[in-house]
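# Structure at a glance
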Amino acid sequence: MVLTRKFLVNLLLVIGFTMLGFGVMGYHPGVEDDAMYLSAIKSDLNPALYPHDADFFRLQLQATFFDKWVAGFVHLTGISIATTELLWQLASIGLILFACWSIARRLFAEQRAHWAGVAMVAAMFTLPVSGTALYLADQHLHPRNVATALILLAVSRILAGKRWHAVLLLLLAFLMHPIMAAMGISFCFFLAIALSEPVHARFRSWRGARRTSALAAFVPLGWIFEPPSPVWKKALDTRTYYYLYKWQWYEWLGALAPLFLFWLLCRVARRRGETVLARFALAVFAYGVFQQAVAMLMLGFPSLVRLTPLQPMRYLHLVYFFLALTAGCLLGKYLLKASVWRWAVFLLIVNGSMFAAQRAEFSSSQHIEWPGREPSNPWLQAFAWIRANTPTNAYFALDPRYLEAPDEDYHSFRALAERSQLADAIKDTAVVTQVPELGPAWDRQVEAQKGWKNFHLADFERLRTEFGVDWVLVSFPPPAGLACRWHNDTLSVCEIP
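Residues numbered from 1 in each chain as written. Predicted model: local features only at pLDDT ≥ 70, side-chain atom pairs only at ≥ 80, totals over all residues. Heavy atoms only, no water.

Our focus in this paragraph is the layout of surface pockets. Quantified by volume, the second largest pocket comes out at close to 590 Å³. Among the secondary structure elements, those contributing two or more residues to the lining of the second largest pocket are α2 (34-45), α5 (81-107) and α16 (378-389). Per element, the largest residue contribution to the lining of the second largest pocket is four residues, and it comes from α16. A class-by-class count of the residues in the lining of the second largest pocket yields twelve nonpolar, four polar and seven charged. (1 Å grid on protein atoms, 1.4 Å probe; cavity = no way out; pocket = protein on both sides within 12 Å on 5 of 7 lines; lining within 4 Å. Points joined across faces, edges and corners; volume = space filled by probe spheres on them. Helix = DSSP H or I, 4+ residues; strand = E, 2+ residues; numbered from the N terminus. Nonpolar A, V, L, I, M, F, W, Y, C, P; charged D, E, K, R; others polar.)

Shown next as structure tokens:
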């Protein structure tokens, strides 16, 4: 009975922090990377969608099972896509927090430390990871959220001595997001070594041999040394965070300072006799140093430029998770303790500041975009009308930089309007960096849309002749000569006559 009550209390606390974290970070389906993932899910469920441009999301998702899994869940349960995405977003962040609690229990004896760590992670879901264009968790269902939950669960299993459980969890993570899973596998390797006896001998024997084998593993991949096409390089140059040696000083500080802090934590914990915490900190430090060296090697030679889209600096994603978790645990242990007012001030500051940042970032959208709720954002209103009132095979053109438009908040036309569009100059550019063969089509389409803000009827007719575009989304009032079917105060949806 006591164990059951304790389990229920812990479960309720995890659920409570899940809802708090969700409320702070907000929920915005269809933004950023969801341009690809949500489009792919909808295409899996309805192959008639996207007859003109499916390669701009389908080719990149060949390495993940994510879209097939979500589409299969929708097909099996009959639950709508919108509700499914919301449910799995909540499940993902709930599993992340449960895994963080499980890790904290192995590192700290005090219960208040466990929950302070969970509270810190829940508040910091939208903390930017230095120089990588990542948050700890995305404000929409992303395979990275799912993979992160599985990786953290694997870490907790290794700390519990259940390594075979970790292998299965990491395999599942790999099916969701191969790059993030590779980082998780790397860290779990270091953690397993750090927890083994004797630690230092294992690290010494590993350093030389592993470094050599890691470099040798790249040799058979001849495609790495193929010269990049000018179009692919043009797309790559739009992503400045890919280039480690062009990072600002504060981005380098954000990368290296956490490693120093974990080195310091290792030393302090060892002196205090906190063996598990010391070895965990050692594993984070060793993992970070190794991955930093790999990143500097991969990104330091022009001959290896084809490796740039692998974004090796994203190893920091896990480091920042562990930084937030251990920082919260230490605050709970040494500062918050059992003081109610200290806990109240702590929760107010960390959650209030992150909530304010998210409201500023999505200032024109509802903080939580609930399924079925009428949108207040003028762009989302246009997307909703298009989805309901235009033919499934309609082919749209719109400002190639529409994602940066005032009030747009980076919502994807393709994912939310559910219609084909000519390539854009922002999100599709990132896809080209991952799938170079899309470069010529992307470049041709973006070049054809240059000067969009000054387009007249003849320009739209040229797009129709060249690409088959038959609909456009333009500003209101629209250019003369278009057959417009709908408008609000910002946008017009028109056919090209």
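Right, picking up where we left off after that structure.
Let us now look at the confidence of the model for the protein. Per-chain confidence: the protein averages 90 in pLDDT, with 93% of residues scoring 70 or above. Overall, residues 202-224 carries pLDDT values under 50, and its contacts beyond four positions in sequence, including any with other chains, amount to 22 contacts. (pLDDT = per-residue confidence, 0-100. Contact = heavy atoms within 4.5 Å.)

What follows deals with the state of the cysteines. Taken as a whole and judged by the stated rule, the model has one disulfide. In this model cysteine 484 forms its disulfide with cysteine 494; the gap between the sulfur atoms is 2.0 Å. Judged by the sign of its S-S torsion, about 85 degrees, the cystine formed by cysteine 484 and cysteine 494 is right-handed. Highlighted residues: cysteine 484 in strand β6 (residues 483-487) and cysteine 494 in strand β7 (residues 491-495), separated in sequence by ten residues. Cysteine cysteine 100 remains unbridged, with the sulfur of cysteine 329 as its closest cysteine sulfur at 8.7 Å. (Disulfide = S-S within 2.5 Å.)

In this section: the packing of aromatic side chains. As enumerated under the stated definition, the model contains 31 aromatic pairs in all. Ring centres of phenylalanine 455 and phenylalanine 460 lie 5.6 Å apart, and the angle between their planes is 65 degrees; on these two criteria the pair is classed as edge-to-face. Phenylalanine 460 matches phenylalanine 455 in its accessibility class, with the two residues each being buried. Three or more aromatic residues joined by ring pairs form one cluster here, namely Trp379, Phe383, Phe396, Tyr402, Phe413 and Trp471. (Phe/Tyr/Trp six-rings, centres within 6.5 Å; stacked < 30°, edge-to-face > 60°. Buried < 20%, exposed > 50% of the residue type's maximum accessible area, 1.4 Å probe, protein only.)

To continue, consider a positive patch on the surface. Taken together, the side chains of Lys6, Arg105, Arg106 and Lys162 make up a positively charged region of the molecular surface. Within the secondary structure, arginine 106 is located in helix α5. (Patch = residues over 30% accessible without salt bridge, like charges linked within 9 Å, V, L, I, M, F, W, Y side chains within 5 Å. Areas by Shrake-Rupley, 256 points an atom, 1.4 Å probe, with all protein chains shown as cover. Salt bridge = Lys/Arg side-chain N within 4 Å of Asp/Glu carboxyl O. Lys, Arg positive; Asp, Glu negative; His and termini not counted. Charge placed at Lys NZ, Arg CZ, Asp CG, Glu CD.)

Where nonpolar side chains cluster on the molecular surface, the patch consists of Phe7, Leu8, Leu11, Leu12, Ile15 and Met19 and spans about 590 Å² of accessible area. Secondary-structure assignment places phenylalanine 7 in helix α1 (residues 2-25).

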